[in-house]
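Residue-level listing of the chains:
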Amino acid sequence: MKFPVTLGAALVAAMLATACGKKEEAAPVAATPAPAAAPAAAPQQTVEVLHYWTSGGEAKSAAELKAMLEAKGHLWKDFAVAGGGGENAMTVLKSRAVSGNPPTAAQVKGPAIQEWANEGMLTSIDSVARAEKWDELLPKVVADVMKSKGSYVAAPVNVHRVNWMWANPEVLKKAGVEGMPKTWDEFFVAADKIKKSGNVALAHGGQNWQDFTVFESVVLGVGGPQFYTDAFVKLDPAALTSPTMTKAFTTFRKLKGYTDAASTGRDWNMTTATVIQGKAGFQFMGDWAKGEFTAAGQKPGEGFLCAAAPGTANAYTFNVDSFIMFKLKDEAAQKAQGDLASAILSTEFQEVFNQNKGSIPVRLGHDMSKFDDCAQLSAKDFVATAQSGGLVPSIAHGMAVEPAKQGAIQDVVTQFWNDDKLSVADAQKRIAQAAAAK
Ligand code: BGC
């Protein structure tokens, strides 16, 4: 088999980054050791699925996927790689693929789907997509991402919104904060009150992808969706070096003063736990965080509050989880891939999976009546922002630009967060350079 050049290079780069001490949240854990090579007489219909859903709420969602596949008579082989945001999972996946032994399916999203397809490694799932009318079922913005050269090569599972702010109402009450802040100025007033009351104002896990998750919400709130698009989709150097970006970096730096000392390196779900436990007031995180609140038995409006991050009520950073299917020779495996693709988009699966995951169904017109208030707001805002132009792809979650550029920009954001001596002007220069690099 052909060894993909760019994937090979990416793997080496990823390994070098690790060897150079780039901080990772957890060592990759492959729950099921991979066989050295595809065995000739592999057990029929074994479906090995790579994913990174290992937190409490995520594991519940992954269990639904497993149950659904087993109900179709397949054998689930779990290939879970711990690490929020999926960076570890992608490194492990590349090494498996480069050695000619990819799993049946893998949780890959955004422009990375095209990269895998361009390597000739993905199989078309058009027959399922056509039979089940995916073009009519899916929002166009989602369908386009799932296709390579007009063919479906990935199946979408959900729509996550990234620009959320979560809060503990008891912590807010104790501090005398009324209502969720709507602007960054209001946020800092609220945060000062919480700090004074003895709690942590902002729960933040200091890992590169979490830093970037917060930063993109700040950029969206400060600059609005058109500015966000110019900066993070078009990578327009004028936007990246503009006074608006200066304001975004300044606001982002100010947030650090409201985080706790244990923030450095903390996983996102442990960070959400500090909000759940009433130690911290706010967290900026995508709605997979809601999966943690609900797994802890909390309800929106009671145990926790959700609102769009300050200044972003009319915008929506979308993040669509999806599974790519690898080209495999085994016919039973191919059938299993079709079954997986079909089941993922079924109404039943969309309903139960997304209620656990914190996301909303990816099918258009799904009945949201059994979903909670945050999910209903997300569904409403998804449709409204698609019409208004406020719907933008999340750069921190791999939806906006190719992975190499995303990583390079993310590195600058993280350096800026961690190094108070790095000036805003230099950080702006560096993100413009990272965005322009070939
Ligand atoms: C994924 C989510 C996942 C989160 C934390 C995001 O990039 O889209 O499915 O729950 O990272 O790992």
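So, a few notes on the structure that sits alongside this text. Numbers given for residues are sequential positions, taken from 1 along each chain in its written order. The predicted nature of this model means local features are confined to residues of pLDDT at least 70 and side-chain atom pairs, given and counted, to a pLDDT of 80 or more, with totals for whole chains, interfaces and linings taken over all residues. Hydrogens are left out, water is left out, and the side-chain values use all remaining heavy atoms of the structure.

### What to know about the pattern of salt bridges
Thinking step 1. Salt bridges are defined by distance alone: a side-chain nitrogen of Lys or Arg within 4 Å of a carboxyl oxygen of Asp or Glu. Here the structure, examined in full by the defined rule, presents 11 salt bridges.
Thinking step 2. The partner of K147 in a salt bridge is D135, with the nearest N and O atoms 2.9 Å apart. In this pair, K147 sits in strand 4 (residues 147–148) while D135 sits in helix 6 (residues 134–137), placing the two residues 12 residues apart along the sequence.
Thinking step 3. Owing to a relative accessible area of 51%, D135 belongs among the exposed residues under this scheme.
Thinking step 4. As a salt-bridge pair, K140 and D144 come within 2.8 Å of each other at their nearest N and O atoms. Remark: D144 and K140 occur in helix 7 (residues 140–146); sequence separation between them is four residues, near one turn of the helix.
Thinking step 5. We classify D144 as partly exposed; its relative accessible area is 40%.
Thinking step 6. A cluster of three or more residues bridged by salt bridges with shared partners is formed by R161, K380 and D381. A helix here means a DSSP run of H or I that spans at least four residues, while a strand means a run of E at least two residues long, and both kinds are numbered starting from the N terminus. Exposed residues in this analysis have more than 50% of their type's maximum accessible area, buried residues have under 20%, and partly exposed residues fall in between, with area computed by a 1.4 Å probe over protein chains only.

### With respect to the site of the ligand
Thinking step 1. Here a residue is considered near a molecule or strand provided that any single heavy atom belonging to it is located within 4 Å of it. Every one of the 14 residues lining the ligand counts as a neighbour, but E58, K109, D321, K357 and H397 are closest to it.
Thinking step 2. Any pair of N or O atoms that falls within 3.5 Å is considered a polar contact. Within protein, one atom must be able to donate a hydrogen and the other to accept it, and sequence-neighbouring residues count only if both atoms are side-chain atoms. Within the side chain of E58, an N or O atom sits 2.4 Å from an oxygen atom of the ligand.
Thinking step 3. D321 places a polar side-chain atom, nitrogen or oxygen, 2.7 Å from an oxygen atom of the ligand.
Thinking step 4. We call Asp, Glu, Lys and Arg charged. Ala, Val, Leu, Ile, Met, Phe, Trp, Tyr, Cys and Pro are nonpolar, and the rest, Gly among them, are polar. Residue composition of the shell around the ligand, by class: four nonpolar, six polar and four charged.

### A few points about the sheet that holds strand 2 (residues 75–80)
Thinking step 1. When DSSP locates at least two bridges between a pair of strands, those strands are taken to pair. Taken together, the five strands give an open sheet; going across it, the order is 2-1-3-13-6, and neighbouring strands pair in mixed fashion. Single-partner strands in this sheet number two, and they are strand 2 and strand 6 (154–156). Across this sheet, the average inter-strand angle for adjacent strands is 25°, counted without regard to direction.
Thinking step 2. Pairing of strand 1 (residues 46–51) with strand 2 involves six bridges; the strand directions are parallel. Residue pairing in the sheet places E48 in a bridge with K77 of strand 2.
Thinking step 3. Those strands touched by helix 15 (residues 331–344) are strand 1, strand 3 (105–107), strand 6 and strand 13 (322–325), and its axis lies near 160° from that of strand 13. Angles run from 0 to 180 degrees between N-to-C directions of axes, and those axes are lines fitted to C-alpha atoms, restricted for helices to the stretch in contact. Note on definitions: a residue-residue contact is assigned when non-hydrogen atoms from the two residues lie within 4.5 Å.

### Some thoughts on the nonpolar core
Thinking step 1. What we call a nonpolar core is a set of buried Ala, Val, Leu, Ile, Met, Phe, Trp, Tyr and Cys residues that are connected through their side-chain atoms within 4.5 Å. If you look at the biggest cluster of nonpolar residues, it comprises 66 residues, and the most contacted ones within it are L65, V108, W116, W134, I324 and I344.
Thinking step 2. Once residues lying within four places of it in the same chain are set aside, the contact partners of I344 are L65, M68, A155, P156, V157, F323, F349 and Q350.
Thinking step 3. Judged by nonpolar contacts, the second largest core, of 56 residues, contains M165, F215, Y258 and A309.

### Side note on the packing of helix 10 (residues 208–232) against helix 12 (residues 243–256)
For any two helices packed against each other, one specifies the crossing angle of their axes together with the interaxial distance.
Thinking step 1. The N-to-C vectors of helix 10 and helix 12 enclose an angle of 160°; their axes lie 9 Å apart at closest approach. For the element pair helix 10 / helix 12, the angle class is roughly antiparallel. Considering how the two elements wind past one another, helix 10 and helix 12 form a crossing that is right-handed. Within the contact between the two elements, helix 10 uses D211, V214, F215, V218, V219, V222, G223, F227, A231 and F232 and helix 12 uses T244, M245, K247, A248, F249, T251, F252 and L255. Angle categories are assigned with fixed cut-offs, so that under 35 degrees is roughly parallel, over 145 is roughly antiparallel, 65 to 115 is roughly perpendicular, and the rest are oblique. Helix crossings fall into two classes, left-handed where the near helix is turned counterclockwise from the far one by less than a right angle and right-handed where it is turned clockwise.

### Topic: helix 9 (residues 184–196)
Thinking step 1. To estimate the expected span of a helix, count its residues, drop one, and scale the result by 1.5 Å. With 13 residues, helix 9 extends 18 Å from end C-alpha to end C-alpha; this agrees with the ideal 18 Å at 1.5 Å per step.
Thinking step 2. Positive phi appears at G198, one or two residues downstream of helix 9, with a value of about 100°.

### Thoughts on the sheet that holds strand 7 (residues 158–161)
Thinking step 1. Sheet architecture is open: four strands sit in the order 14-7-12-15, paired in mixed fashion. The open sheet terminates on both sides in strands that have one partner only, identified here as strand 14 (360–361) and strand 15 (391–393).
Thinking step 2. In terms of strand pairing, strand 7 meets strand 14 through two bridges, oriented antiparallel. Looking at the pairing, N158 lines up with P361 of strand 14.
Thinking step 3. Seen against the sheet, helix 10 touches strand 12 (316–319) and strand 15 and runs at an angle of roughly 110° to strand 15.
Thinking step 4. Its contacts with the sheet place helix 16 (residues 347–357) against strand 7 and strand 14, and it is angled at close to 20° to strand 7.

### Brief notes about the environment of I324
Thinking step 1. With respect to the secondary-structure elements, I324 resides in strand 13.
Thinking step 2. It is 6.6 Å that separates the C-alpha atoms of I324 and A155, two residues lying 169 residues apart in sequence.
Thinking step 3. Ignoring any residue separated from it by four or fewer positions in sequence, one finds I324 in contact with T104, A105, A106, V108, I113, W116, L122, V153 and A154.

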